[in-house]
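Here are the chains, one letter per residue:
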Amino acid sequence: MARHSPPGYLFAGCHGHNLQGTGKTANLLAGKFRYGAGKRAIATNITNGIIDQGMPAWAGAITKADIDKLVNYIYTKTRKK
Ligand code: HEM
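Residues numbered from 1 in each chain as written. Predicted model: local features only at pLDDT ≥ 70, side-chain atom pairs only at ≥ 80, totals over all residues. Heavy atoms only, no water.

Asks: Is there a simple way to explain the overall build of the protein chain in this structure?
Replies: Along the backbone of the protein chain there are three helices and zero strands. Element order for the protein chain, N to C, with α for helix and β for strand: α-α-α. The C-alpha radius of gyration computed for the protein chain amounts to 12 Å, which stays within 12% of the reference 12 Å derived for 81 residues, consistent with globular compactness. Each principal axis of the C-alpha distribution contributes one length, and for the protein chain these read about 30 × 25 × 25 Å. Counting every position in the protein chain, which comprises 81 residues, the buried fraction comes to 27%. A separation threshold of at least 6 residues defines the contact pool for the protein chain, and within that pool the share at least 24 residues apart is 46%. Per element, the accessible surface of the protein chain, about 5300 Å² overall, is 58% carbon and sulfur. (Helix = DSSP H or I, 4+ residues; strand = E, 2+ residues; numbered from the N terminus. Rg over C-alpha atoms; globule rule 2.2 N^0.38 Å. Buried < 20%, exposed > 50% of the residue type's maximum accessible area, 1.4 Å probe, protein only. Contact = heavy atoms within 4.5 Å. Areas by Shrake-Rupley, 256 points an atom, 1.4 Å probe, with all protein chains shown as cover.)

Rendered as structure tokens:
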């Protein structure tokens, strides 16, 4: 895996490999965020999860650097062009 690419394989099963969503999750690619589309909200949701909705907490499971990469990747990819 290229050193700079975010570990997308971690979210593909639930969010779709292109963040297009699955039966469990909304289409983030279309910017359909329910818990905040800003970088801080995305970082909080990845770090702490949204446990009652089935989103796992990634704090401790992946590095802070990987969480930051995922936040920047999701934020950039989901902005309206
Ligand atoms: C590192 C990998 C992952 C990342 C970066 C990630 C990212 C996110 C983000 C940013 C949200 C909030 C979306 C919103 O505001 O609507 C979210 C919600 C969610 N995630 Fe993940 N996720 C990951 C892995 C997973 C996995 C493995 C699952 C399934 C086991 C999952 C299931 C969900 C669910 C069910 C929600 C709530 C969706 C909704 O209520 O619309 N996620 N995730």
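Asks: What's the story with the site of the ligand in this structure? I'm lost.
Replies: Inspection of the region around the ligand gives 22 residues, with Cys14, His15, Arg34, Tyr35 and Met55 positioned closest. Between a nitrogen atom of the ligand and a side-chain N or O atom of His15, the distance comes to 2.8 Å. One of the backbone nitrogen or oxygen atoms of Tyr35 is found 2.7 Å away from an oxygen atom of the ligand. Each residue belonging to the shell around the ligand can be placed in one class, and the counts come to 15 nonpolar, five polar and two charged. (Near = heavy atom within 4 Å. Polar contact = N/O pair within 3.5 Å; in protein donor to acceptor, adjacent residues only side chain to side chain. Nonpolar A, V, L, I, M, F, W, Y, C, P; charged D, E, K, R; others polar.)

Asks: Is there a simple way to think about the coordination of the iron atom of the ligand in this case?
Replies: Expected angles at a metal are 109.5 degrees for tetrahedral coordination by four donors and either 90 or 180 degrees for octahedral coordination by six donors. The iron atom of the ligand binds to the protein through His15 (NE2) and Met55 (SD), with metal-donor distances spanning 2.0 to 2.2 Å. Coordination at the iron atom of the ligand is octahedral: its six donor atoms span angles of 89 to 179 degrees at the metal. One end of the pair, His15, is in helix H1 (residues 9-15); the other, Met55, is in the loop between helix H2 (39-48) and helix H3 (64-77), with 40 residues separating them in the sequence. The exposure classification of His15 matches that of Met55, with both residues buried. (Donors = N, O, S within 2.8 Å, 3.2 Å for Na, K, Ca; no water. Tetrahedral: all angles 85-135°; square planar, octahedral: opposite > 155°, others 65-115°.)

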